[in-house]
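# What the coordinates show
The lines below spell out each chain.
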Amino acid sequence: MSGISHMMLGLPPNITGGAFFRAASTSTTGSTTITLPAPTGTLAGDLMFASVLMADTATPTVTGWTQLGLTQTLSGVTDALSVYYRYFVAGDTSWTWTVAGSSTVAGGIASFGNVNSAASPINGAWNSGAATPALATSITLTNTSVLIDVVGNRVAYTEGIPSGFLQAFSASRAEQECNVFYKLNTPSGATGDVSSSVTGGTVGWASKLVSFESL
């Protein structure tokens, strides 16, 4: 994980002046369920963004999270990427996703402080392909926001961090690799397409942008 939280730097747990990356957690499994713990140090009101990549195309079931979409990593394959968000509540510990028929799942949760929970996220369109780079289609921000680029690969090759972004987490198992990148306090306006290089061979990938308004 290349992102650095304010807690890691010894700064106050909540600050003014924009959103910040808090922490991340990841997990992988060889069964039909995956349990993701709340990232260490996450506080009440923090945004949590989850991404789950699985060897199945059915929608996973989980309690207490809002899904922002599911798509196949490439048309005709049996792998799919699903993303969610939730605002942390005191006492939260972990959550279990159930995936029908899958025996390979990788995923993670990234948490952010100073995000406006009253504002709805801007949820970009899915894009997918079979050659590098993995490209997330531009979205238009209406306010200063945390911009998140989520990328899932059908085969676990190396993904480059997009220009101007940091990596929140990377989780991989067998043929699945799930990555979440972020850019803090991105100004309003069109973001432009975001590309992540994928090296190691021909792949099937899915990618999208999601934004959450900063305080």
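The structure this text deals with has already been given above.
Summarised in this report is the structure supplied together with it. Quantities reported herein were computed from a predicted structural model and do not represent experimental measurements.

So, how was this worked out
- Residues numbered from 1 in each chain as written.
- Predicted model: local features only at pLDDT ≥ 70, side-chain atom pairs only at ≥ 80, totals over all residues.
- Heavy atoms only, no water.
- Helix = DSSP H or I, 4+ residues; strand = E, 2+ residues; numbered from the N terminus.
- Buried < 20%, exposed > 50% of the residue type's maximum accessible area, 1.4 Å probe, protein only.
- Contact = heavy atoms within 4.5 Å.
- Areas by Shrake-Rupley, 256 points an atom, 1.4 Å probe, with all protein chains shown as cover.
- Pairing = 2+ DSSP bridges.
- Axes fitted to C-alpha atoms, helices over the stretch in contact; angles between N-to-C directions.
- Polar contact = N/O pair within 3.5 Å; in protein donor to acceptor, adjacent residues only side chain to side chain.
- Salt bridge = Lys/Arg side-chain N within 4 Å of Asp/Glu carboxyl O.

## Points about the overall build of the protein
From N to C terminus, the protein includes 0 helices and 19 strands. For the protein, with 215 residues in total, the buried portion stands at 51%. Across the protein, every contact between residues at least 6 apart in sequence was considered, and the portion connecting residues at least 24 apart equals 75%. Accessible surface computed for the protein: about 8300 Å², of which carbon and sulfur atoms make up 51%.

## Observations concerning the sheet that holds strand 1 (residues 20-29)
Pairing is antiparallel in the open sheet, where 5 strands are placed in the order 1-7-3-5-4. Here the strands that pair on one side only, and so sit at the sheet edges, are strand 1 and strand 4 (66-72). When the angles between neighbouring strand axes are averaged without regard to direction, this sheet yields 15°. Relative to strand 7 (residues 105-113), strand 3 (residues 47-54) is paired through 8 bridges, and the arrangement is antiparallel. By the bridge assignment, Ala 50 is partnered in strand 7 with Ile 109.

## Structural notes on unusual backbone geometry
For the peptide bond that leads from Thr 132 to Pro 133, omega is 0°, which places it in the cis range. Non-glycine residue Asn 114 carries a positive phi angle of around 60°. Along the chain, Asn 114 falls in the loop between strand 7 and strand 8 (122-123). According to the relative accessible area criterion, Asn 114 is buried, its value standing at 12%.

## Digging into the side chain of Asn 116
When you line up the elements, Asn 116 lands in the loop between strand 7 and strand 8. Residue Asn 116 is classed as buried on the basis of its relative accessible area of 19%. Among the polar contacts listed, one links the side chain of Asn 116 to the backbone nitrogen of Ala 118, at a separation of 3.0 Å. Those residues within four positions of Asn 116 in sequence are excluded, and the remaining contacts are Tyr 87, Glu 213, Ser 214 and Leu 215.

## Some words on the pattern of salt bridges
Under the defined criterion, the tally for this structure stands at 2 salt bridges. In this structure, Asp 46 and Arg 22 form a salt bridge, with 2.8 Å as the shortest nitrogen-oxygen distance. Placement of the pair is Asp 46 in the loop between strand 2 (33-37) and strand 3 and Arg 22 in strand 1, with a sequence separation of 24 residues. Classification of Asp 46 as buried rests on a relative accessible area of 2%. When its relative accessible area of 0% is taken as the criterion, Arg 22 is described as buried. Between Asp 92 and Arg 86 there is a salt bridge; the shortest N-O distance is 3.0 Å. Each member of the pair, Asp 92 as well as Arg 86, carries the same accessibility label: buried.

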